[in-house]
Amino acid sequence: MAILRHLFRLFDLVKSETSPVYISAGIVLGMWLGLTSVSTLQWFLLFFTAILVRTNLVALLFSVFLFGVSAEFFYPLFNMMGDRVLLSAARLHPLWAWLYHAPIIPFTRFTDTTVMGSGIFCTLASVPVFLAFYFFLSRRWEYLKAAAVYSQLWAAWTSSRLYQRYMRFNEQKSRS
Amino acid sequence: MKEKLHKVIRIWMLIPLGIFATVLIGYFLLFFDFHLKVRIEQLATLLNGAEVNIRSLKTSFVTQTVQIQGIQVGHHVQPDRNLVEIENLSFHFMLKPLFRKKLIIDNLSITGIKLESRRGEVAKIPTQIEFAGVPSLLDRVASGFYGQIRRELRSNPLKYLGQLLVGLDLDQKVLNVQGRLSSVKELRNYRQHLSGIAKEWEALRRSTASPAWINQTRLSVDTISPSTPDSRKQTETILQDIRLEQEKILAATQKLHASYATELQKITNFQKSIVDDVGMIKDQLQIPKLDKTDLTGEIAGPELLNYLERLTYWIDLFRRRMPKNLQRGTLPIVKQAANQGASYYFGKSSAYPAFLLSQATIKSEASLKEGYGEGFGDVDGTILGLTTEPAIFGYPLKINFRANFPERQINGVNVSITVDHTGTSFVEDLVVSIGSYPIRNFPFCQTGDLQVGIASATASGVFKAHFDESQLNVDWLVDFLDVDYYLSSRYKLVDTTLQRILDPLYSFTIRGKVSGPLDNLRLETSSELGQQLAMGLQREFRHQLAAIDDIIRKNIVNQVDSEQRDVVARFQSLYDRNVADLREAGTHLASLERQVSARVSAHSSSREPVSLNSRRKHAVHSKK
C-alpha cells in the first residue's frame, strides 16, 4: 500500500501543471537538457532547475528524450557554430581567455565546440520554441483535452483497476 | 509572496535535493578513492597496453595530498612480470586551481622503483585501445607504416640458405613463373605501342609538303606568265607558301626528335624491369639474396624497427595530449580533439594550464636488506613541466634520470627527454645511453630449418632520436661484448659455415640511422657481424648462386634480351626512315625556295623571266 501511495503521488505530479505555459516551459527545458552535454556544470544546474521549478513533467521528459535521441544529428551544426564563435572570431579570444581562467566557468566546458554550439542553438531557439508551443496549445487546448479524453488509451486507463484505486485514494485524501 | 513562490517552485523538492547532497558527500568520503583508483588503472592499462594495478590510493582535500602505493605496470611480453613497479608515489596539489577546473601538482615524489619484478597475477592485455581524435600521420606511423622500410629490408637471407642445398628443379620452376614477368609483358605492350608511334610519326610526315606538292608548285611557278599584271604577286604568294612548308617541316622534325627521346627513355627502363624480374624470380624460388655487402638490416632490422614503432607510439601520444600552439593572433591557443568536435584552450599571462606537474622527483635506492625483494634499482631523476597545454605554460617538458639495476645487470643508464610543444611545431628529443645491458636470446633467424642468434651478450651504447614535426632523425651505436651464439640447422654445410663465420665475432658494433620525412623513411645500418656474414655466405655459396643465375639467365634473361633487341631495332629503323623523309622534303623545298626567290628578284628588276627549267639555255645564250 505504501508503494501504491508513492505511485499515486507520482500520478499527481504528472498530471499537475497542465496549462500551456507549464507545458511549453517543460518542452524548452527538455530541449536544453537533451541537447546539452551531461558532463557540464550547466546540465546539472538545468537538472536541478527541472526538479525545482514547476513545469509539466510529461512534456519535460518527452522533450528530453526527443532532443537527446536526435542530438547526434545536430553535432555537425553545433561543431561549426562552436568553431566559428571560439576560433574564427578573434576579437572574442581575450574574453574566452578570461573566462577559461576564471573560477567555476571552466566547468561549463564552454571551450568545447559542441557545448558552445548547443548553448548558442538552445539560447536562440528557446523563445521561438516556447512561443510556438504556447500559442499552439492555447488555441487547441480544449480540442486536445477532449481528444485525449475520448481516445482509446484514456478509455483503457480509466477502466483499469489501478485507476479505480487511484480515484478512491484521491477521494480519501480530499475527505481528510 | 509565498503563494507566488509556490506557483513557480516545488518547495517540497528541497528535501530530496538535501538527501542527494548528503549522499554526494558520503560518496566523496567513502567511495571516491576506490573509484579514482579503478579509473586510473583503466586509463593506465590503455596507455601501457598491458594491465596496470594499484594497491592503494588515498586522497585528502584537507592536506591536499594524494598517495598511491604499489603501482605495477604489466609487461607486454612476459605476463608474469612487471615492466616496472613503483612502491610509492605521492604528490601535493593546489586547492584553489581546482575551482578553475585545473589540477596543479607542484611536487611529486616517486620512490622504490623495481624492474621486471614478479607479479601475483598474470597481467591482462586490453583488447581495445581507443583515444579521441582523428588519426594523425603518426597514428599511421605507429600502427605499422614502417612497412616501407620493412619491405626494403627484403626477407632475411638466412631463412632460405637451405634452399641452395636441396636441388631446386629450377628449370621447371622458372618456366612456371615466366608468364608473370613484368619485363616480358612490358615489351609485348610496347610492341603494340610502337604501332601507335609509327602512325603518329607517319601523320607528322604527311602534315608536311609531299613530293607531289613540291612538283606541282614548281610547275605552277613555271606557268606564271611575266606579262600578266599580277605575276609578281602570284610568285610572292607561292614563295610564302614554300616558306610556310619549310617551317612545318622544321616543327615536325623537332617533334620527331622529342618523341624519339621520350620513347628511348622508356626502352632504357626495360633494363630496370629485367633486374626487378630477376629479383622477383629469386623471391618466388626462395633463393636467398646474398648480393649485399652487409646483412645487418635483414638480421637485426625488424627488431630495431619494433623498438622504433614503440617509441613512435609514445611520441604520437605526447602530440595528441600535449598539442602545439595554433598561433591565431597574440594569445596562445591549444586545440585538443574531443569525442565530438574539438576543445580550444586559451592562454593568458601568468595563468595555469588545465593540468600541470611542475616538478617531480624520482628517487630510489637499491638495497640488499632482506625483504626488499628483487629488481630494485638506484634511480635519480626529475620531471619538469608536464602539462596538457605546453603553449600556455610556456616551457618544454624535460625528463632526466640516471639509473642502475645491479641485480638485473643494467648499469649506467642515462636518459634525457625534451618535448617542446610550446611553439607552432612539434619538436621532441631523446638521448639514451646505457653502460651495460644483458642481451638474452636475440634471434637472427628462427625457422624450422635454422635457428641462430645471440644466446647471451653484454651490450652498451647510445641511442639518439630527434622528431621535428614530420621529420625524423634517429642514430644508434650499440657495442656487443662477450657474445655467445646459439646455432642449430638441418643442413650440416649451413651449420659449419655459420659456425666458422660467427666464432671469431665475440664482439661487434651495430651502427644505424633512420632519417627522412615520416612517410618516406630511410634505414642505414651496418656492423662487423653483418659484413662478415655477407662475405662468408657469398664465399661459401658462390657456386650454387652462380648456377642459379645461369639457369635464370638461360630461361628468362636471354629471351627477354632478344625481344628487347628486336623492339629496339624496329624502333630505330622507324625513326631513321621518318627522319630521312623529312630531310629529303626539306632539301627539295630549300632548292625550290632559292629558285622562286630568284624569280621574284627578276620580276622586281624587270628582266626577262627565266623558266625554272631553261636556266642553262639562258646562260648559254648570254655568253654568246
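Residues numbered from 1 in each chain as written. Chains lettered and ligands numbered in written order. Predicted model: local features only at pLDDT ≥ 70, side-chain atom pairs only at ≥ 80, totals over all residues. Heavy atoms only, no water.

(A) Structural detail: the overall build of chain A. Each helix and strand counted, chain A has eight helices and zero strands in total. Counting from the amino terminus, helix and strand elements in chain A follow one another as α-α-α-α-α-α-α-α. In chain A, once contacts between residues fewer than 6 apart in sequence are set aside, the share between residues at least 24 apart is 77%. Per element, the accessible surface of chain A, about 10500 Å² overall, is 71% carbon and sulfur. (Helix = DSSP H or I, 4+ residues; strand = E, 2+ residues; numbered from the N terminus. Contact = heavy atoms within 4.5 Å. Areas by Shrake-Rupley, 256 points an atom, 1.4 Å probe, with all protein chains shown as cover.)

(B) The overall build of chain B, seen in detail. For chain B, the helix and strand inventory stands at 16 helices and 15 strands. Counting over 624 residues, chain B shows a buried share of 40%. Surface accessibility of chain B: about 34300 Å² in total, with carbon and sulfur atoms responsible for 56%. (Buried < 20%, exposed > 50% of the residue type's maximum accessible area, 1.4 Å probe, protein only.)

(C) Representation of the side chain of Ser 343 of chain B in the model. With respect to the helices and strands, Ser 343 of chain B occurs in strand E6 (residues 342-346). A distance of 3.4 Å separates polar atoms of two side chains, one belonging to Ser 343 of chain B and the other to Asp 112 of chain A. Every residue in contact with Ser 343 of chain B, bar those within four places of it in the chain, is listed here: Thr 111 and Asp 112 of chain A together with Val 334, Lys 335, Gln 336 and Ala 338 of chain B. (Polar contact = N/O pair within 3.5 Å; in protein donor to acceptor, adjacent residues only side chain to side chain.)

(D) The packing of aromatic side chains, seen in detail. For the structure on display, the rule yields 28 aromatic pairs over all chains. Considering the side-chain rings of Trp 43 of chain A and Phe 44 of chain A, the 5.5 Å spacing of their centres and the 85° angle between planes classify their relative orientation as edge-to-face. Residue Trp 43 of chain A is classed as buried on the basis of its relative accessible area, which comes to 17%. Summarising the aromatic geometry, the rings of Tyr 100 of chain A and Tyr 345 of chain B are spaced 5.5 Å apart at their centres and angled 45° between planes, so their arrangement reads as tilted. Taken together, the positions of Tyr 100 of chain A in helix H5 (residues 93-100) and Tyr 345 of chain B in strand E6 put the pair across two chains. Of the residues examined, Tyr 100 of chain A reaches a relative accessible area of 5% and is grouped as buried. Of the aromatic side chains, those joined through ring pairs into one cluster are Trp 43, Phe 44, Phe 47 and Phe 48 of chain A together with Phe 20 of chain B. (Phe/Tyr/Trp six-rings, centres within 6.5 Å; stacked < 30°, edge-to-face > 60°.)

(E) Seen up close, the pairing of strand E10 (residues 410-420) of chain B. Residues and elements named next belong to chain B. With eight bridges joining them, strand E9 (residues 397-405) and E10 adopt antiparallel strand pairing. Bridging across to E10, Ile 399 finds its partner in Ile 417. Turn length for the E9-E10 hairpin, with the two strands adjacent in sequence and antiparallel, is four residues, and the turn residue Gln 409 shows positive phi of about 65°. With eight bridges joining them, E10 and strand E11 (residues 427-446) adopt antiparallel strand pairing. Opposite Ile 417, over in E11, you have Leu 430 as the bridge partner. Counting the residues in the hairpin turn of E10 and E11 gives six residues. (Pairing = 2+ DSSP bridges.)

(F) Spotlight on the interface of chain B and chain A. Every contact between the two is made by 34 residues of chain B and, on the other side, 33 residues of chain A. For the pair chain B and chain A, the summed buried area comes to about 2900 Å², and 60% of that belongs to carbon and sulfur atoms. By the criterion of area lost to chain A, the three top residues of chain B are Arg 10, Tyr 344 and Phe 346 of chain B, representing 27% of everything that side buries. Here chain B and chain A share zero salt bridges between them. Summed over the shared surface of chain B and chain A, the result is 10 residue pairs in polar contact (both at pLDDT 80 or more). Contributions of two or more residues to the side of chain B that touches chain A are made by helix H1 (2-8), helix H2 (14-30) and E6 of chain B. Residue contributions to the side of chain B that touches chain A peak at five residues, all from E6 of chain B. (Buried area = accessible area lost by both parts, 1.4 Å probe. Salt bridge = Lys/Arg side-chain N within 4 Å of Asp/Glu carboxyl O.)

(G) Examining the environment of Val 66 of chain B more closely. Residues and elements named next belong to chain B. Mapped onto the secondary structure, Val 66 falls in strand E2 (residues 65-74). Put simply, Val 66 and His 92 are 26 residues apart on the chain and 6.5 Å apart in space, counted from C-alpha to C-alpha. Those residues within four positions of Val 66 in sequence are excluded, and the remaining contacts are Lys 58, Thr 59, Leu 89, Ser 90, Phe 91 and Phe 93.

(H) Seen up close, the nonpolar core. Leu 158, Phe 444, Ile 454, Phe 480, Tyr 485, Val 514 and Leu 537 of chain B are the most contacted members of the largest nonpolar core, which has 107 residues in total. With 10 residues, the top contributor of residues to this core is helix H15 (residues 542-604) of chain B. Discounting chain neighbours no more than four positions away, the residues touching Phe 444 of chain B are Asn 156, Leu 158, Ile 299, Val 452, Gly 453, Ile 454, Tyr 485 and Leu 529 of chain B. Grouped together as the second largest cluster of nonpolar side chains are 16 residues, Trp 96 of chain A together with Val 334, Ala 391 and Ile 392 of chain B included. (Core = buried A, V, L, I, M, F, W, Y, C linked by side-chain atoms within 4.5 Å.)

(I) A nonpolar patch on the surface, seen in detail. Taken together, the side chains of Ile 104 and Phe 107 of chain A together with Phe 20, Leu 24, Phe 28, Phe 61, Leu 95 and Phe 99 of chain B define a hydrophobic patch exposed on the protein surface, amounting to about 710 Å² of accessible area. Tracing the chain through its elements places Phe 28 of chain B in helix H2. (Patch = residues over 30% accessible without salt bridge, like charges linked within 9 Å, V, L, I, M, F, W, Y side chains within 5 Å.)

(J) Highlighting the pairing of strand E12 (residues 450-468) of chain B. All names here are of chain B. In this structure, E11 lies alongside E12, joined through 16 bridges in antiparallel fashion. Along E12, the bridge assignment pairs Arg 440 with Ser 456. Between the antiparallel neighbours E11 and E12 lie three residues. Relative to strand E13 (residues 471-489), E12 is paired through 17 bridges, and the arrangement is antiparallel. Across the sheet, residue Gly 461 finds its bridge partner in E13, namely Val 478. Counted between consecutive antiparallel strands, the loop separating E12 from E13 contains two residues, among which Glu 469 sits at a positive phi close to 55°.

(K) Layout of the confidence of the model for chain A. Averaged over every residue, the pLDDT of chain A is 88; residues scoring 70 or more account for 99%. No element of chain A has a lower mean pLDDT than helix H1 (residues 2-14) of chain A, at 76, and none a higher one than helix H2 (residues 20-35) of chain A, at 93. (pLDDT = per-residue confidence, 0-100.)

(L) Structural view of the packing of helix H3 (residues 41-52) of chain A against H2 of chain B. Two elements in contact, H3 of chain A and H2 of chain B, have axes whose closest approach is 10 Å; the angle formed by their N-to-C orientations is 145°. Here H3 of chain A and H2 of chain B pass one another in a crossing that is right-handed. Contacts between H3 of chain A and H2 of chain B involve Phe 48, Ile 51 and Leu 52 of chain A from the first element and Leu 14, Leu 17 and Phe 20 of chain B from the second. A per-class count over the contact of H3 of chain A with H2 of chain B returns six nonpolar, no polar and no charged. (Axes fitted to C-alpha atoms, helices over the stretch in contact; angles between N-to-C directions. Left-handed = near helix turned anticlockwise from the far one by under 90°. Nonpolar A, V, L, I, M, F, W, Y, C, P; charged D, E, K, R; others polar.)

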